Amino acid sequence: MTDRQTPGVGRLYGVGLGPGDPSLVTVRAAELIGKADVVAYHSARHGRSIARSIAERYLTGGQVEEKLVYPITVETTDHPGGYRGALDDFYEEAAARLAAHLDAGRDVVVLAEGDPLFYGSYQHMHKRLAHRYPTEVVPGVTSVSAAAARLGQPLTEAEETLTVIPGTLPEEELTARIAAADSAVIMKLGRTFPAVRRALERAGRLDDAQYVERAFMDGERILPLAEVEGETVPYFSVAVLPSKVAPLEPVERRTDGAGAVAVIGTGPAGPLWLTPEARGVLAEATDLVGYTTYLDRVPERPGQRRHASDNKVESERAEYALELARRGHRVAVVSSGDPGVFAMATAVLEVACEEAYRDVPVRIVPGMTAAHAAASRAGAPLGHDYAVVSLSDRLKPWDVVARRLRAAAEADLVLALYNPGSKSRTTQVALARDLLLEYRAPETPVVMARDVGGPTERVRIVRLGELDPALVDMRTILLIGSSQTQAVERGGGVEVVWTPRRYPES
């Protein structure tokens, strides 16, 4: 907003009119419309303007009316700059018309449905004129607020976030944004409705979605979005995914056999590593089951039950989750990294294949692996063939681990070593190092990555002959290079590790 006053120059007002009912126009907006020298509004080529119809009762008949008629709406154009070029030329011409009034000392009100700076046409005038003339923007009730009011349902509560999504996004992007959202409003439906509906269905949110058409206007319609026929959807409609927070009345578990288990990969640490799909499934769950440390990474939601347990009871945890699902709960089993890599997916599937649980749906939701996260911090050590081995001998004997390490070393594969050490396992790193030194040069680069993505992250690049087992614990992953892996110091003394994609011929 610009507050300066230039003598002899008019003032520009961007005035929000709310969702459609003239009684929802603010007092400030009504005052400015009544006092304006010039009232401008956009319209399609048919000449009708919804903004003008909302403001009509506040017009005095003495104002100059500037009708800003779009040259195109959704049709094609032969403009050399295409659709965007045609609109840019229109906005420039419209701004010049308003500037002429302002230069002549006339105050100009530009009408905008909803709020002027929320997907509004006024913003194009604002960007071209506000830095040149004294300007005031008068907010209006948005279609988002209007839809929530008509539904009578909160959009957000507690720590929920609201996502506003334009329906014009590509369908894949729509699906990802919807899956990741707590609550959401999808704008600009009309011809985009079929893609929006498919995205809601793919994201598993179709049954939650409500449809609001022409809120606070003639012809208002409100119904579940799944019941809407696509060819009847106008531009002035929105899809709403309301708050997920449980109502005051307790929600009983479902008894129709609709429970299910989703095994979620949360990545190596924290919400930045969650995929949109995982975020959405976690939000939809009635129950979270997992190792305490991993559950603590997931934000708490009102009404969502959390069942934490120790790290060494995978089978019991899996059975408990499946039993909850069999009783109608939507259960998310929380795993770090990717659930299928030394994590909970196998434990859940082992139990799920027992006769008692074969009818319980089980879904695996992937996550960023620790190996890939660590590799990204160091450069590209996994740029060629590599093997992934767990050094833990809790579930398999050490001679099996050693045999696999030897086979990978003989094949000259880069190695990603999981579970290298713990308080009760202190010898495996030294044993693995000494075995690999039979096949690899002592100068072979080794990436030691601890708590990647977490508050105590530390990534070091050492040489295989200098690998110190005392610096390795359960939260560390080791990436050990092949004979081709390079460690190169770049600008600023930063060392990067990479393995060439091309392997030399014998």
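The structure reproduced in this document is the subject of the present report. The structure presented is a predicted model; accordingly, all values stated were derived computationally and were not measured.

### A few points about the sheet that holds strand β18 (residues 414-418)
Phase 1 of the analysis: Read from one edge to the other, the open sheet built from five strands follows the order β17-β18-β21-β19-β20, with strand pairing classed as mixed. A strand with exactly one partner marks an edge of an open sheet, and here the two such strands are β17 (386-390) and β20 (458-463). In this sheet, adjacent strand axes meet at a mean angle of 20 degrees when their direction is disregarded.

### What to know about the nonpolar core
Phase 1 of the analysis: Core analysis: the largest hydrophobic core is formed by 24 residues, its most contacted members being Leu12, Leu98, Val108, Val110, Tyr122, Met125 and Leu129.
Phase 2 of the analysis: Those elements that provide at least two residues to this core are β2 (38-43), α3 (82-103), β4 (108-112) and α4 (122-129).
Phase 3 of the analysis: Counting residues per element, this core draws most heavily on α3, which supplies nine residues.
Phase 4 of the analysis: Not counting chain neighbours up to four residues away, the residues in contact with Leu98 comprise Ala40, Glu66, Val108, Val110, Met125 and Leu129.
Phase 5 of the analysis: Counting 22 residues, the second largest nonpolar core, distinct from the first, contains Ala402, Leu417, Val429 and Leu435.

### Here's the deal with the pairing of strand β22 (residues 486-489)
A regular strand places its side chains so that they alternate between the two faces of the sheet.
Phase 1 of the analysis: In this sheet, strand β23 (residues 495-498) lies alongside β22 in antiparallel orientation, the contact comprising four bridges. Counted as the bridge partner of Val488 is Val496 from β23.

### Quick look at a nonpolar patch on the surface
Phase 1 of the analysis: A surface patch of nonpolar side chains, about 260 Å² in accessible area, is lined by Phe342, Tyr386 and Val388.
Phase 2 of the analysis: On the secondary structure map, Val388 appears in strand β17.

About the thresholds
Residues numbered from 1 in each chain as written. Predicted model: local features only at pLDDT ≥ 70, side-chain atom pairs only at ≥ 80, totals over all residues. Heavy atoms only, no water. Pairing = 2+ DSSP bridges. Helix = DSSP H or I, 4+ residues; strand = E, 2+ residues; numbered from the N terminus. Axes fitted to C-alpha atoms, helices over the stretch in contact; angles between N-to-C directions. Core = buried A, V, L, I, M, F, W, Y, C linked by side-chain atoms within 4.5 Å. Buried < 20%, exposed > 50% of the residue type's maximum accessible area, 1.4 Å probe, protein only. Contact = heavy atoms within 4.5 Å. Patch = residues over 30% accessible without salt bridge, like charges linked within 9 Å, V, L, I, M, F, W, Y side chains within 5 Å. Areas by Shrake-Rupley, 256 points an atom, 1.4 Å probe, with all protein chains shown as cover. Salt bridge = Lys/Arg side-chain N within 4 Å of Asp/Glu carboxyl O.

On their own, these measurements won't tell you what the molecule is for.
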